[in-house]
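Coordinate inspection notes
The residues making up each chain are set out below.
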Amino acid sequence: MNFQQLEYIIALDRHRNFVRASEASFVTQPTLSAMVLKLEEELGVRIFDRSKQPIVPTSEGVMVLNYARDIIDKASELKESLLRFNDDPVGDFRIGVIPTVASSLLPVFLSGFLKSYPSINLIVSELTTATIIDKLGRDELDAGIIATPVESVKLTEYPVYREEFMLYGREAGFSEGLVSIDDIDLSRLWLLEEGHCLRMQVVNLCDMRGGNKLHPNLQYQAGSLESLRRLVDSNGGYTVLPALSTIDLTDNQRKNLRRFEPPVPARQISVVSMRTWKCRRHIELMAAAISGAVGSLGLSTNSNLEVVPVSGLKMDTFKRT
């Protein structure tokens with residue numbers, strides 16, 4: 001038995017196909033098959049049921065795979081611990097970022113981070129929260145940048161900033177002062193499409209229960225915050241935007257922003273990981289870089305925070321000082 005064999009059965013369990021597992025492991029299919037068979041013979045059990053398509057682990061195989069992951073994790077933990085003695089972090093760093101954060105956050109901190117740590121090979125994917133958590137569990141990502149907290153006891157969170165939600169629209173009914181959530185006409189509110197956690201936060205914030213629509217003959221759910229802004233600019237109505245996404249607004253667009261009256265809804269953004277030992281230094285450096293970059297913009301909301309639970313998510317509110 002060796003580490004390579006354990007990595008092969010883990011890859012085979014992930015892909016449930018010998019050809020795809022061999023491609024992912026950068027070996028030929030006959031080589032991977034032979035190594036898996038040799039391990040099965042050594043252990044005296046069948047790890048995979050090959051009579052089914054896709055293949056599945058046997059009951060004994062599930063136990064073997066659990067041990068295999070623990071062993072590989074411990075070996076990786078040892079390597080990572082030794083690397084921490086080196087002040088210069090190196091290697092691939094795979095992160096997933098939710099779209100409503102990626103479009104506004106990445107331009108703010110990414111260039112400086114890459115220049116500060118040129119030996120890190122950063123691999124960034126825009127993914128939904130659910131996909132990020134799933135890929136963290138499958139060891140297909142090292143970290144994620146998401147709105148927290150989420151219903152996952154396995155995640156370790158590194159909070160980096162809080163940002164308030166703001167109302168964006170050119171409605172004549174709103175004064176120059178603060179807006180109450182109760183004053184929002186839900187029939188004139190544009191939303192992101194299903195799958196975005198920000199959509200659910202806004203739905204929970206407004207306690208939406210349907211009603212008339214701005215355009216009764218249109219069913220449209222935007223895929224990005226930029227689309228929401230453009231829809232409001234061209235069709236009227238309004239939407240709810242996180243503060244960081246408003247920094248590039250034109251002067252005319254900024255006139256359409258309204259802040260909510262206290263308690264002000266806000267969201268917590270965190271760097272998250274599932275294997276706390278893996279890429280820890282990379283994660284800590286990225287968390288510090290994000291906090292510093294956002295803090296320099298003066299958008300982080302750190303005063304008098306209180307937590308309000310909303311339908312499985314938690315939304316922060318703060319009182320302005």
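Summary of the structure given here.

Conventions used here
- Residues numbered from 1 in each chain as written.
- Predicted model: local features only at pLDDT ≥ 70, side-chain atom pairs only at ≥ 80, totals over all residues.
- Heavy atoms only, no water.
- Helix = DSSP H or I, 4+ residues; strand = E, 2+ residues; numbered from the N terminus.
- Buried < 20%, exposed > 50% of the residue type's maximum accessible area, 1.4 Å probe, protein only.
- Contact = heavy atoms within 4.5 Å.
- Areas by Shrake-Rupley, 256 points an atom, 1.4 Å probe, with all protein chains shown as cover.
- Axes fitted to C-alpha atoms, helices over the stretch in contact; angles between N-to-C directions.
- Parallel < 35°, antiparallel > 145°, perpendicular 65-115°, else oblique.
- Left-handed = near helix turned anticlockwise from the far one by under 90°.
- Nonpolar A, V, L, I, M, F, W, Y, C, P; charged D, E, K, R; others polar.
- Expected span 1.5 Å × (residues − 1).
- Polar contact = N/O pair within 3.5 Å; in protein donor to acceptor, adjacent residues only side chain to side chain.
- Pairing = 2+ DSSP bridges.
- Phe/Tyr/Trp six-rings, centres within 6.5 Å; stacked < 30°, edge-to-face > 60°.
- Salt bridge = Lys/Arg side-chain N within 4 Å of Asp/Glu carboxyl O.
- Patch = residues over 30% accessible without salt bridge, like charges linked within 9 Å, V, L, I, M, F, W, Y side chains within 5 Å.

1. Digging into the overall build of the protein
If you tally the helices and strands in the protein, you get 10 helices and 11 strands. Expressed as a percentage of its 321 residues, the buried residues of the protein come to 45%. Within the protein, contacts between residues separated by at least 24 positions form 74% of all contacts whose residues are at least 6 apart in sequence. Summing over all exposed atoms, the protein offers an accessible surface of approximately 16,400 Å²; the carbon and sulfur share of this is 51%.

2. Considering the packing of helix α5 (residues 99-116) against helix α10 (residues 280-295)
Axis separation between α5 and α10 bottoms out at 9 Å; the angle between their running directions is 120 degrees. Regarding the angle of α5 to α10, the classification is oblique. At the point where α5 passes α10, the crossing takes the right-handed sense. Between α5 and α10, the residues in contact are L105, V108, F109 and F113 and H282, L285, M286, A289, I290, A293 and V294, respectively. By residue class, the composition of the contact of α5 with α10 is 10 nonpolar, 1 polar and no charged.

3. Some details on α10
Between its terminal C-alpha atoms α10 stretches 22 Å, which fits the 22 Å expected from 16 residues at 1.5 Å a residue. Within α10, burial applies to H282, I283, L285, M286, A287, I290, A293 and V294. As for α10, its buried residues are in contact with β3 (91-97), α5, β4 (120-126), β5 (143-148), β6 (156-169) and β9 (264-273).

4. Some remarks on helix α1 (residues 3-15)
An ideal rise of 1.5 Å per residue puts 18 Å on 13 residues; α1 measures up with 19 Å between its terminal C-alpha atoms. Along α1, the residues that are buried comprise Q5, L6, Y8, I9, I10, A11, L12 and D13. With a side-chain oxygen lying 3.1 Å from the backbone nitrogen of Q4, the N-terminal cap of α1 falls on N2. One or two positions beyond α1, positive phi appears at R16, with a value near 55 degrees.

5. Observations concerning the pairing of β9
In summary, the side chains of a regular strand alternate between the two faces of the sheet. Most of β9 sits inside the fold, with 10 of its 10 residues counted as buried. Residues of β9 alternate between two faces, with V264, A266, Q268, S270 and V272 on one and P265, R267, I269, V271 and S273 on the opposite face, all of them buried. Pairing of β6 with β9, which is carried by 8 bridges, proceeds in the antiparallel orientation. Its bridge partner lying in β9, T156 is registered against S273.

6. Overview of the packing of aromatic side chains
As enumerated under the stated definition, the model contains 2 aromatic pairs in all. Within the aromatic cluster, the residues linked to one another by ring pairs are F109, F113 and Y117.

7. Description of the side chain of T100
Relative to the elements of secondary structure, T100 occurs in helix α5. Here T100 falls in the buried class, since its relative accessible area comes to 5%. Looking at T100, its side chain comes within polar contact range of the side chain of R267, at 3.2 Å.

8. Remarks on the pattern of salt bridges
One pass over the structure, following the stated rule, counts 11 salt bridges. Linking R46 and E40 is a salt bridge whose minimum nitrogen-to-oxygen distance equals 3.1 Å. A relative accessible area of 3% places E40 in the buried class. Ionic pairing is found between R94 and D139, a salt bridge with its closest N-O pair at 3.5 Å. Linking R94 in strand β3 with D139 in the loop between α6 (129-137) and β5, this pair joins segments that are 45 residues apart in sequence. A relative accessible area of 22% places D139 in the partly exposed class. Salt bridges sharing common partners tie together D13, R16 and R69.

9. Regarding a nonpolar patch on the surface
A contiguous nonpolar patch, built from F3, M63, Y67 and I71 and spanning about 440 Å² of accessible area, is present on the exposed surface. When residues of the nonpolar patch are assigned to their parent elements, the largest contribution, 3 residues, is made by helix α4 (residues 59-83). Note on placement: I71 falls in helix α4. Taking relative accessible area as the criterion, I71 reaches 33% and is therefore assigned partly exposed.

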